[in-house]
Every structure is written in structure tokens, then in C-alpha cells.
Amino acid sequence: MNMMRAARLHTFGEALRVDTVPVPQVRRHDVIVKVRACGVIPNMNRIFSGISHHDMPPLPASVGLDAAGEITEIGEDVFDFKVGDRVYINPLLTCGSCHYCSSGRPTICSYGAFRGYFAFSPQAVRMLTDYPHGGFAEYTRAPARDLVRLPDEITFEQAARFGYLGTAYAALQRGEVKPGSWLVINGITGTLGVGATHWALAMGATRILGLGRNREVMQQLKALAPRRVHTLALGDQPIEDWIRAHTDGVGADVLLDCTGRGSAMSTTVDAIEALKEGGITVNVSALLDPLPIKPAKFMDTQLQYRGSNWFSVAQGHEMAELVRAGVVDLSTIKPQIYPLSQVNDALEAVKSRPGGFTNIVVAPDQ
Ligand SMILES: [Zn+2]
């Protein structure tokens, strides 16, 4: 039996252990991928500590969410992919047959689970036992339908960031961002916000108004498109006044709320107040507080408040194509690469939430 190294969670709250385990075996509709990079995100520390409400696979569990690499084996019923293809594995496992999957909304699948991470419901844990191989490993197994083919223009490290990038991309589509859109991004200096800025520029948004705290990252964002990106450090000016001053007094078309868990909800409320009539708020934040919004105003001015989570494989293909064609340049985002043996150091490094233009990944073959 061929063996490989894989980082596994044995006990909640303890460091991952790099174990020697069997290389996964291919199945009819699956492929085996030699992992070249896997993303590391701050929330992993919460999930692996066990203090979360999510449903976890049986331990020890092979972990690692956003993996990219090369196909080394394909199942007999796999079409359209071949050995040697470079791919990103969208880690959202879906059933393909529930009410939501069959109506084209896989990101709210009744049996949805993140491979190498957690399930969204007790009935979805079965997905994780069916696909028990995470991305912090030399090899992993994935359904062919979850693969995004990577052109040569995308590095494996960039693809390992697709979770964040795709969440931002899908949220902008939920907000109907289009050429000429005036967009406010709350939390622009975080990982979601920086990704959203890149995509929004590609989608043709002409005024991107970012609210954040990290002035250095705000300068970097401004440099991407000085005539289109404007930023406000929270506390410098009243938010509503500043947004109106940058939108000819009428307000923005779309608010993308990317703030983190525990952020002040007053920023979100102030930004909603600065939307145009008919404006759309899209929430991709983990804000827990209830929002004091005025339903009558939503009626009078046809405002909308929408939620968005994750992204589809199809949206992954769109993102890959935009990068291939040079419409979006991901080289602005700098990788910090840790070998698999230092996976716990990578998890430690991400605790400080460097976010922004820093991309922490684990690369098993280094
Ligand atoms: Zn489903």
C-alpha cells in the first residue's frame, strides 16, 4: 500500500499531527490530486479548538480546506479531466439531489459540508466520512464535478486562496455589481475585502468605497486603481457623510459587508443609510448582532438585504478565466508558504489575521 503524510486533528484544542496514512484510492467518479498548495484561514483555529457549533467528522480527521494540485489518477467514469491537469478543488461537498442542489443553489445544499473541515448539519457528516481526505496532505481524493481547471497563469498558491476569493466574487454577483456600479465595501482591508476589490474592478465598478482600519492595506488598494478606489479609515469621518460625498450626494448602489465576527454593527447600519434608493446590501460577514433596520424604509425605497455564502464550481471557472485573460491580476497577493511539517506554525501565523495582501498556504511537497 502506498503511504503519504497528512496533517490530522486527533483531539480538539491540540496541535495537528502529521501522520503517515494510506494514499487515497480512486473511485469511479473521483480523481486523486497531488496537493501542491492548501490555504490556511484564521477560522481554522476556532474550528479545530472545538468551540464551534459546526458538525465535525470523527477524529482523527484529515484536515485542510482549499487545496490545489495536479491530477495523478482518474476514475473510470470521469469525463473532461485527465492525468496531469492542474486543478483547484472546490471543497464544498454537495449531494446534487436535494431541493437546493436541484434548483441550482448548491451553496445551500441540505447535506453541504466542507471537505477537510466541517459539516453544516448532523446529516451532512456523512459527506465527510465519504470524502475523508483534507488538503493538508500529499494526496487527496475529490469528486470530478468539484474541480476547477487552472490555467498556467494561476499559481497553486493563488488557487489555494480561491475560497476567500470565490466568496467575494459570488457576493458581488449577489449584489448585481455591473459596469458603472458604485460599491461600498465594509471591511475592505481584510482578506474578503481585498479579494472583492480585485473582482469589482474587473466587473466594471467605477467607484469602490472601502471602509477599514489598516491604513497601509488601504494605500495598496488605492494603488490598484487610484481613480476608482477610495478608502476611509473608520473613525476619521462620519461614514454616511463620506459615502454621500463620494457618490454625488445620492448614495451607493451596493454595500458589500465583509466585517468579521465581533465587529461593530453601527458601521453596517451607517453604510446602509448611505445607499441609493433600490440599493442592495449583501452580507458575507459573520456579524452576530441584530441590525436595527427600518422596514418601512426598505418598502418605500425598495432596499434589499441579501446573504451570500461560498461560491459554485461554475463561478470558480469564471474566476479562473478572468485571471487567465489578465482581467484580474492576483500577483498583488503575496504567498507565505509553509511546508506540511510546519502546518501548526502556519495556523499560528494566521491568528494575527494578516489578511489583506498576505496569503498563508501549506505546500506539502516542500
Ligand atoms: Zn444538495
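Up top you'll find the structure we're talking about.
The following paragraphs examine the structure supplied in this document.

Definitions and cut-offs
- Residues numbered from 1 in each chain as written.
- Predicted model: local features only at pLDDT ≥ 70, side-chain atom pairs only at ≥ 80, totals over all residues.
- Helix = DSSP H or I, 4+ residues; strand = E, 2+ residues; numbered from the N terminus.
- Rg over C-alpha atoms; globule rule 2.2 N^0.38 Å.
- Buried ≥ 20, exposed ≤ 12 C-beta atoms within 10 Å, placed from the backbone.
- Pairing = 2+ DSSP bridges.
- Core = buried A, V, L, I, M, F, W, Y, C linked by C-beta atoms within 7 Å.
- Domains from an automatic or database assignment.
- Contact = placed C-beta atoms within 7 Å.
- Axes fitted to C-alpha atoms, helices over the stretch in contact; angles between N-to-C directions.
- Parallel < 35°, antiparallel > 145°, perpendicular 65-115°, else oblique.
- Nonpolar A, V, L, I, M, F, W, Y, C, P; charged D, E, K, R; others polar.
- Arc of directions from axis to C-beta.
- Left-handed = near helix turned anticlockwise from the far one by under 90°.

1. Let's talk about the overall build of the chain
Helix and strand counts for the chain stand at twelve helices and 19 strands. Taken against the 2.2 N^0.38 rule, which gives 21 Å for 366 residues, the C-alpha radius of gyration of the chain at 21 Å falls within 12% of a compact globule. Principal-axis analysis of the C-alpha atoms places the extent of the chain at approximately 70 × 40 × 40 Å. In the chain, which comprises 366 residues, the proportion classed as buried is 49%.

2. Comments concerning the sheet that holds strand β7 (residues 92–93)
Strand pairing within a sheet occurs via backbone hydrogen bonds; the two strands may be parallel or antiparallel. Strand order in the open sheet made by the three strands is β7-β8-β9, with antiparallel pairing throughout. Each edge of the open sheet is held by one strand with a lone partner, namely β7 and β9 (118–119). Pairing of β7 with strand β8 (residues 113–114) involves two bridges; the strand directions are antiparallel. Note on β8: the bridge partner recorded for leucine 92 is phenylalanine 114.

3. Quick look at the pairing of strand β5 (residues 67–74)
Note: strand β3 (residues 30–39) against β5, seven bridges, orientation antiparallel. In the sheet register, valine 35 faces β5, and the bridge partner there is glycine 69. Bridge count between β5 and strand β6 (residues 86–89): four bridges; the pairing is antiparallel. Paired with glycine 69 across the two strands is valine 87, which belongs to β6.

4. Some thoughts on the nonpolar core
Membership of the largest hydrophobic core comes to 112 residues, with the highest contact counts inside it found for Val33, Leu172, Leu183, Ala196, Ala200, Ala252 and Leu256. The biggest single contributor to this core is helix α5 (residues 162–174), with eight residues. Counting the residues that make up this core, at least three belong to each of domain 1 (3–161 + 333–363) and domain 2 (167–307). Setting aside residues up to four positions removed in sequence, leucine 183 forms contacts with Val177, Ala200, Ala205, Arg207, Ile208, Leu209, Ala252, Asp253, Val254 and Leu256.

5. Digging into the sheet that holds strand β17 (residues 304–307)
Taken in spatial order, the six strands line up as β14-β13-β12-β15-β16-β17 in an open sheet, and their pairing is parallel. Each edge of the sheet is formed by a strand with only one pairing partner; in this case those strands are β14 (229–233) and β17. Between one strand axis and the next, the sheet turns through 20° on average, direction left out of account. Direction of pairing for strand β13 (residues 207–212) relative to β14: parallel, over a ladder of five bridges.

6. Side note on the packing of α5 against helix α11 (residues 313–324)
It is the contact of α5 with α11, at a shortest axis distance of 10 Å, that shows an interaxial angle of 100°. Our classification of the angle between α5 and α11 gives roughly perpendicular. Of the residues in α11, those touching α5 at Phe162, Leu165, Gly166, Tyr169 and Ala170 are Gln315, Gly316 and Met319. Taken together, the residues of the contact of α5 with α11 break down into five nonpolar, three polar and no charged.

7. Topic: the environment of isoleucine 154
Structurally, isoleucine 154 can be placed in the loop between β11 (147–149) and α4 (156–159). The exposure class of isoleucine 154 is buried, given the 21 C-beta atoms found within 10 Å. Those residues within four positions of isoleucine 154 in sequence are excluded, and the remaining contacts are Ala159, Ala320 and Val323.

8. Concerning helix α9 (residues 265–273)
Regarding α9, the residues found buried are Thr268, Ala271 and Ile272. Taken down its axis, α9 places every buried residue within 100° of arc, on the same side. On its buried side, α9 packs onto β12 (182–186), β13, α8 (239–245), β15 (252–257) and β16 (275–283).

9. Digging into the packing of α5 against helix α6 (residues 191–203)
Where α5 meets α6, the axes come as close as 8 Å, and the angle between the chain directions of the two elements is 50°. Here α5 is positioned oblique relative to α6, judged by the angle of their axes. Seen from above, α5 lies across α6 with right-handed handedness. Taking contact as the criterion, the partners of Tyr164, Leu165, Thr167, Ala168, Tyr169, Ala171 and Leu172 in α5 are, on α6, Thr191, Leu192, Gly195, Ala196, Trp199, Ala200 and Met203. Partitioned by chemical class, the residues of the contact of α5 with α6 number eleven nonpolar, three polar and no charged.

10. Observations regarding helix α7 (residues 215–224)
Along α7, the residues classified as buried are Val217, Met218 and Leu221. Angularly, the buried residues of α7 cover 100° about the axis, an arc narrow enough to put them on a single face. The exposed set on the far side of α7, more than 90 degrees from its buried face, consists of Arg215, Glu216, Gln219 and Ala223. Summarising the contacts, the buried residues of α7 are in contact with α6, β13 and β14.

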